[in-house]
Amino acid sequence: MSEKKRISVMIPCYNEEENARPIYTAVKEQLTQNCPRYDYEILFIDNKSQDQTRRILREICAEDSNVKAIFNVKNFGQFNSPYYALLQTSGDCTITMCADFQDPPELIPQFVAAWEEGYKIVIGRKTKSRENPLLYWARGIYYKMLRKMSSTEIIEQFTGFGLYDKSFVETLRQLNDPTPFMRGLVAELGSERKEIEYEQPKRRAGKTHNNFFTLYDAAMLSFTSYTKSGLRIATFAGFIIAFLSFIFGMVYLVLKLLFWNSFTAGYAPMMISVFFLGGLLLSFLGFLGEYVMAINIRVMNRPLVVEEERINFSLE
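Predicted model only: the values in this text are computed from it and were never measured. (Residues numbered from 1 in each chain as written. Predicted model: local features only at pLDDT ≥ 70, side-chain atom pairs only at ≥ 80, totals over all residues. Heavy atoms only, no water.)

## Structural notes on the side chain of Asn72
Right, so step 1: In this fold, Asn72 is placed in strand 3 (residues 67-72).
Right, so step 2: A polar atom in the side chain of Asn72 sits 3.1 Å from the side chain of Ser81.
Right, so step 3: What Asn72 contacts, discounting residues up to four positions off in sequence, is Ile45, Asp46, Asn47, Lys48, Arg54, Ser81, Val305, Val306, Glu307 and Glu308. (Helix = DSSP H or I, 4+ residues; strand = E, 2+ residues; numbered from the N terminus. Polar contact = N/O pair within 3.5 Å; in protein donor to acceptor, adjacent residues only side chain to side chain. Contact = heavy atoms within 4.5 Å.)

Dropping the structure here:
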């Protein structure tokens, strides 16, 4: 008799003391009741939480040997930690989801059903959201802009929530990418996928850990990984501004020669031009710096995370 296939569910955590046990209970319920033909493992990775998350995860691991945990020595960011945990799963497929219930556990059976149909990648794509409407609108604009600028397909309103066959996980293991952007890798390297639309609910409890800087990091990582537009815009803008400056300079010279005594433009146009060009140069230097920093991180090739502790891995 053949062994049961295994489903892995990977859940990253950071200060999720109010959600850790409820998400474990909800995921286990979906797996045991709606996917009974499969074995399962639930892997939590904690990104150096400062609350009681780790204590709760220890308790869950002690109660259920199918639950594993990885504790990082520090916070390694919103991309490295879940990506690293994905590579540590052992299932025939892996489902990745957040601990705050904004990725509905109720979609797990639908993901598995699509996987049984033969899809190697099944993703959840938001069509509506109960989060801040302005933030959802801004994200939509960002995805559309990135999609137009990138030569690689960009999946709109996709957060990484989905199911990935072990063959795709093995592909990711071979990349050795120190700055992974999972949302881009799925589109760039993944096989034919199925998209399941859903309305994103509000966060169940606690406060979101996203702020301007984390959102900016996400935007810049995708921008520098999948577009050349920043550098090309700088190049084209430089040529255009140089050309316009030459035209204005010639017009000024002609007017000065024709109306030598009466024509005067004052210092205002000069000061405006200096500040405008200075701001433009600083912006493009910032873009260039983002690309250089991305290259620097890849050249250093540091580990994705450094582990402090593993729980229940030795039970296999």
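## Section: a nonpolar patch on the surface
Right, so step 1: On the surface, Leu134, Trp137 and Ile141 cluster together to form a nonpolar patch covering roughly 360 Å² of accessible area.
Right, so step 2: Along the chain, Leu134 falls in helix 5 (residues 133-149).
Right, so step 3: Among the residues examined, Leu134 registers a relative accessible area of 59% and is labelled exposed. (Patch = residues over 30% accessible without salt bridge, like charges linked within 9 Å, V, L, I, M, F, W, Y side chains within 5 Å. Areas by Shrake-Rupley, 256 points an atom, 1.4 Å probe, with all protein chains shown as cover. Salt bridge = Lys/Arg side-chain N within 4 Å of Asp/Glu carboxyl O. Buried < 20%, exposed > 50% of the residue type's maximum accessible area, 1.4 Å probe, protein only.)

## Some details on helix 6 (residues 166-173)
Right, so step 1: Along helix 6, the positions that sit buried rather than exposed are Phe168, Val169 and Leu172. On an axial view of helix 6, the arc spanned by its buried residues comes to 100 degrees, and they lie on one face.
Right, so step 2: Each element contacted by the buried residues of helix 6 is listed here: helix 3 (77-88), strand 4 (93-96), strand 5 (121-129), strand 6 (162-165) and helix 7 (182-189). (Arc of directions from axis to C-beta.)

## As for the environment of Ala85
Right, so step 1: Positionally, Ala85 belongs in helix 3.
Right, so step 2: Once the C-alpha coordinates of Ala85 and Val305 are considered, the two residues, 220 residues apart in sequence, prove to be 9.4 Å apart.
Right, so step 3: What Ala85 contacts, discounting residues up to four positions off in sequence, is Met10, Leu43 and Ile45.

## Thoughts on the environment of Glu192
Right, so step 1: By the element assignment, Glu192 lies in the loop between helix 7 and strand 7 (193-200).
Right, so step 2: For the pair Glu192 and Gly118, spaced 74 residues apart in sequence, the C-alpha separation works out to 9.6 Å.
Right, so step 3: In this structure, Glu192 is in contact with Tyr119, Lys120 and Ile121, ignoring residues within four places of it in sequence.

## Here we look at the packing of helix 3 against helix 6
In a packed pair of helices, the relevant descriptors are the angle between the two axes and the axis-to-axis distance.
Right, so step 1: Remark: helix 3 packs on helix 6, axes separated minimally by 9 Å, with the N-to-C direction vectors making an angle of 120 degrees. On the basis of the axis angle, helix 3 is oblique to helix 6. In terms of crossing hand, the pair formed by helix 3 and helix 6 is left-handed. Taking contact as the criterion, the partners of Tyr83, Leu86 and Leu87 in helix 3 are, on helix 6, Val169, Leu172 and Arg173.
Right, so step 2: Residues that form the contact of helix 3 with helix 6 fall into these classes: five nonpolar, no polar and one charged. (Axes fitted to C-alpha atoms, helices over the stretch in contact; angles between N-to-C directions. Parallel < 35°, antiparallel > 145°, perpendicular 65-115°, else oblique. Left-handed = near helix turned anticlockwise from the far one by under 90°. Nonpolar A, V, L, I, M, F, W, Y, C, P; charged D, E, K, R; others polar.)

## A closer look at the pairing of strand 5
Right, so step 1: By the bridge criterion, three bridges tie strand 5 to strand 6 in an arrangement that is antiparallel. What sits directly across from Val122, in strand 6, is Leu163.
Right, so step 2: As paired strands, strand 5 and strand 7 are joined by eight bridges and run parallel to one another. Following the sheet pairing, Ile121 is matched in strand 7 by Arg193. (Pairing = 2+ DSSP bridges.)

## A short note on helix 2 (residues 53-63)
Right, so step 1: The complete set of buried residues in helix 2 reads Thr53, Arg54, Ile56, Leu57, Ile60 and Cys61. Down the axis of helix 2, the buried set is contained in an arc of 160 degrees. They therefore lie on one face. For helix 2, exposure combined with an orientation more than 90 degrees from the buried face picks out Ala62 and Glu63.

## A short note on the pattern of salt bridges
Right, so step 1: Per the stated rule, a full pass over the model turns up 18 salt bridges.
Right, so step 2: Taking the shortest distance from any N to any O, the salt bridge between Glu116 and Arg37 comes out at 2.5 Å. Of this pair, Glu116 sits in helix 4 (residues 108-116) while Arg37 sits in the loop between helix 1 (20-34) and strand 2 (39-46), and the two are 79 residues apart along the sequence.
Right, so step 3: Residue classification places Arg37 among the exposed positions, given a relative accessible area of 54%.
Right, so step 4: Glu59 is paired through a salt bridge with Arg55; the nearest N and O atoms lie 2.7 Å apart. Of the two residues, Glu59 and Arg55 both sit in helix 2, four residues apart, roughly one turn of that helix.
Right, so step 5: Overlapping salt bridges bring together Arg21, Arg55, Glu59 and Glu63 as one network.

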